[in-house]
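Examination of the molecular architecture
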2 protein chains.
Amino acid sequence: MTSKMLPSLSVDCVIFGYEDNMLKVLLRQEQVPFDDSIAIEWKLPGNHVFRNETVDETAARILKEQTGLEEIYVKQFYVFSDPARLTKRPQDFIWVKPRLIDDRVITVGFYSLINLPDFDNSMLISEAQWMNTSEVTDLMFDHVEIFQEALKRLRYDLIHEPIAFELLPEKFTLTQMQKIYEAILGTTFDKRNYRRKINKMPYLIQLDEFQSNVSHKPARLYSFNREIYEKTYTERFDFRV
Amino acid sequence: MTSKMLPSLSVDCVIFGYEDNMLKVLLRQEQVPFDDSIAIEWKLPGNHVFRNETVDETAARILKEQTGLEEIYVKQFYVFSDPARLTKRPQDFIWVKPRLIDDRVITVGFYSLINLPDFDNSMLISEAQWMNTSEVTDLMFDHVEIFQEALKRLRYDLIHEPIAFELLPEKFTLTQMQKIYEAILGTTFDKRNYRRKINKMPYLIQLDEFQSNVSHKPARLYSFNREIYEKTYTERFDFRV
DNA sequence: ACAAAAGTGTTTTGGGTACACCCATGT
DNA sequence: ACATGGGTGTACCCAAAACACTTTTGT
């Protein structure tokens, strides 16, 4: 009862990374006993909630453990509470049982966003790996469902909140920004119409800097100004492009 | 450890009711010891999660206990997990402590929607009462925060999902529907523009029935067809009016 | 010179908004 | 007859969408 952890409550993190016009997700591999041998299975990073922290702090802790990063964007999106969620896949349950205080664990799903070109991959623990979101098919427990819900929510949030900037470097080109929307939403946009829409966003700051060392006309760089965003935000606005 | 309940997990329900162009919320009063006397305090209905149920089932159980109703719309909206959420208001903690297995309780917030003219108030337990949402100021624990988040989420969902129909009778007039949007969003709409927009929704079925016994031109009745909604729904559509 | 991506304007179409009067019913 | 809410059309403006060519750089 006085364990450091809350026995029946965990957080699982769907950590999205973006690079080369591709959306990726961070998965961890585990060695699961299976018919006298060992199978490699993949799962989302997760952990129990400590007694003295909020679930957002749990999510931040998991991010730190897995990637070494702090102050990453994390967002709670859903609670997964099926009483059979750990036992439905018997091998997974055999693997997890010795790690549990209580068999019944409810998990809070979080997603987070990382710009991979800025990311130092040497910080990754060896069991972790970035996987293309289109290739995620089979995960432990109910993690496929958690992943799919996260992706659904990410798409929803992308067009309602300024989260694209979490996946971009400090200074970015409009084409980079457009590609993020295209990669996550799975569509393409007309460049001219996209830019006309962008130009109406007062919090997108046009810089007097340009790309260099590119073998084509260098693109102008932009940055996102959160203060202007907060000031000019109105409930009715949306980010759909 | 083998209690029927999960010690550190509860569900709190923000039960919205609608009547007379007003949005109301169901609150429960509790008698809280205070300086050798008893103070009346109000809280949201809530309960612990049982070991064998999902949190959605917990929410449905709370609804049933408080209102006698089953098959009511319930929706998970946020997890409140501040370690100090029960202890911040010392009197409330004194009241709740004997009811707890563990002092640390994380709660999943749900909201639900009830059309009050269809509702049999005799089913309400005596400690419960409908209160105007504009009059909710002081509740136990962090329940004001939970209530405000629920209201924020309700407004958001109202313009993105067909939840207005949960607050309407089976057959309703367009003015009734318009009033719901106005009451919840706190605005007014032009009748003609509202109706033009409504007429584009194929899942709003015009009936060959009219109001009767009203001292003005009887309004045509409409109904909501969920199957048509599911079929014609596209991600980009929104309910903003 | 060529390849590669940047950057730019016009036209058409449809939706949002503003606005005022007649209609059907009960009393 | 009157009070009450029901029901309808038009004009203007702006946003969305479709669409093609010139510019700048590195090789």
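Residues numbered from 1 in each chain as written. Chains lettered and ligands numbered in written order. Predicted model: local features only at pLDDT ≥ 70, side-chain atom pairs only at ≥ 80, totals over all residues. Heavy atoms only, no water.

1. A short note on the protein's contact with DNA strand C
This is how it is decided: Residues are classed as near a molecule or strand on a simple rule: at least one heavy atom within 4 Å of it. Pairs of N or O atoms are called polar contacts if they sit within 3.5 Å, as long as, within protein, a hydrogen donor faces a hydrogen acceptor (for residues adjacent in sequence, only side-chain-to-side-chain pairs). The numbering of helices and of strands both runs from the N terminus, where a helix is a DSSP run of H or I of at least 4 residues and a strand a run of E of at least 2. All residues other than Ala, Val, Leu, Ile, Met, Phe, Trp, Tyr, Cys, Pro, Asp, Glu, Lys and Arg, Gly among them, are scored as polar; the first ten of these are nonpolar and the last four charged.
Around DNA strand C sit 22 residues in total, of which Lys191, His216 and Arg220 of chain A together with Val214 and Ser215 of chain B are the nearest. Restricting attention to atoms of DNA strand C within 4 Å of the protein, one finds that 43% of them are sugar or phosphate atoms. Separating a base nitrogen of DNA strand C from a side-chain N or O atom of Asp190 of chain B is a distance of 3.3 Å. The contact in question runs from a base nitrogen of DNA strand C to an N or O atom on the side chain of Asn193 of chain B, over 3.0 Å. Where the surface near DNA strand C is concerned, the elements lending two or more residues are helix H5 (191-198) of chain A together with helix H5 (191-198) of chain B. Counted by class, the surface near DNA strand C contains four nonpolar, six polar and 12 charged residues.

2. Things to note about the environment of Tyr194 of chain A
Here Tyr194 of chain A lies in helix H5. Along the chain, Tyr194 of chain A and Thr133 of chain A lie 61 residues apart, while their C-alpha atoms are 25 Å from each other.

3. So, the side chain of Gln66 of chain B
Residues and elements named next belong to chain B. Inclusion rule: Burial classes follow relative accessibility: with a 1.4 Å probe on protein chains only, a residue under 20% of its type's maximum area counts as buried, one over 50% as exposed, and anything between as partly exposed. Contacts between residues were defined by any pair of non-hydrogen atoms, one from each residue, lying within 4.5 Å.
In this structure, Gln66 sits in helix H1 (residues 55-67). For Gln66, a relative accessible area of 3% translates into the label buried. When neighbours within four sequence positions are excluded, Gln66 is seen to be in contact with Leu26, Arg28, Pro45, Met123, Leu124, Ile125 and Ala128.

4. So, the packing of aromatic side chains
Note the threshold: Any two rings among Phe, Tyr and Trp, with Trp reduced to its six-membered ring, count as a pair given centres within 6.5 Å; such a pair is stacked if its planes are under 30 degrees apart, edge-to-face if over 60, and tilted if neither. Consider the ring centre and the ring normal. A charge sits over the ring if Lys NZ or Arg CZ is within 6 Å of that centre and within 35 degrees of that normal.
Under the definition given, this model contains 31 aromatic pairs over all chains. For the pair Phe165 of chain A and Phe172 of chain A, a centre-to-centre distance of 5.8 Å together with 40° between the ring planes defines the contact as tilted. Each of the two residues, Phe165 of chain A as well as Phe172 of chain A, counts as buried. One aromatic cluster is present, built from ring pairs that chain together Phe16, Tyr73, Phe77, Tyr78, Phe80, Tyr111 and Phe147 of chain A. Taking NZ or CZ as reference, Arg61 of chain B lies 3.6 Å from the ring centre of Phe50 of chain B, over its face.

5. Things to note about the environment of Glu30 of chain B
Residue and element names in this part refer to chain B. Looking at the secondary structure, you find Glu30 in strand S2 (residues 22-34). Here Glu30 falls in the buried class, since its relative accessible area comes to 12%. For the pair Glu30 and Thr67, spaced 37 residues apart in the sequence, the C-alpha separation amounts to 17 Å. Setting aside anything within four residues of it in sequence, one finds Glu30 in contact with Ala39, Ile40, Glu41, Lys43, Trp95 and Met140.

6. Focus on the pattern of salt bridges
Selection rule: Any carboxyl oxygen of Asp or Glu that lies within 4 Å of a side-chain nitrogen of Lys or Arg is treated as forming a salt bridge with it.
Tallying each qualifying case throughout the model produces 42 salt bridges over all chains. A salt bridge links Arg51 of chain A to Asp102 of chain B, with the shortest nitrogen-to-oxygen separation between them at 2.6 Å. Highlighted residues: Arg51 of chain A in the loop between strand S4 (46-50) and helix H1 (55-67) and Asp102 of chain B in the loop between helix H2 (90-96) and strand S6 (106-115), drawn from two different chains. Classification of Arg51 of chain A by relative accessible area gives partly exposed; the value is 24%. Here Asp102 of chain B falls in the buried class, since its relative accessible area comes to 4%. As a salt-bridge pair, Lys171 of chain A and Glu209 of chain A come within 2.8 Å of each other at their nearest N and O atoms. With Lys171 of chain A in the loop between helix H3 (143-158) and helix H4 (174-185) and Glu209 of chain A in strand S8 (residues 204-210), this residue pair connects regions lying 38 residues apart in the sequence. Connected through shared salt-bridge partners, Glu41, Arg89, Asp92 and Asp138 of chain A make up one network.

7. Regarding unusual backbone geometry
A negative phi holds for most residues other than glycine; trans holds for most peptide bonds. All names here are of chain B. For Asp20, which is not glycine, the phi dihedral falls at a positive 50°. Positionally, Asp20 belongs in the loop between strand S1 (5-19) and S2. Here Asp20 falls in the exposed class, since its relative accessible area comes to 62%. The residue Asp36 is not glycine, and still its phi comes out positive at about 65°. In this structure, Asp36 sits in the loop between S2 and strand S3 (37-43).

8. A few points about the protein's contact with DNA strand D
Neighbouring DNA strand D are 22 residues; Val214 and Lys217 of chain A together with Lys191, His216 and Arg220 of chain B lie closest to it. At 3.3 Å from a base nitrogen of DNA strand D is found a side-chain nitrogen or oxygen belonging to Arg196 of chain A. Note that a base oxygen of DNA strand D is positioned 3.5 Å from one of the side-chain N or O atoms of Arg192 of chain B. Per-class residue counts for the surface near DNA strand D are four nonpolar, six polar and 12 charged.

9. What about the pairing of strand S5 (residues 73-80) of chain A?
All names here are of chain A. Quick note on the threshold: Between any two strands, pairing holds if DSSP finds at least two bridges.
Counted residue by residue, S5 has six buried out of eight residues, so it is predominantly covered. Two elements, S5 and strand S6 (residues 106-115), share seven bridges in a ladder whose sense is antiparallel. Bridge pairing in S6 links Phe80 to Thr107.

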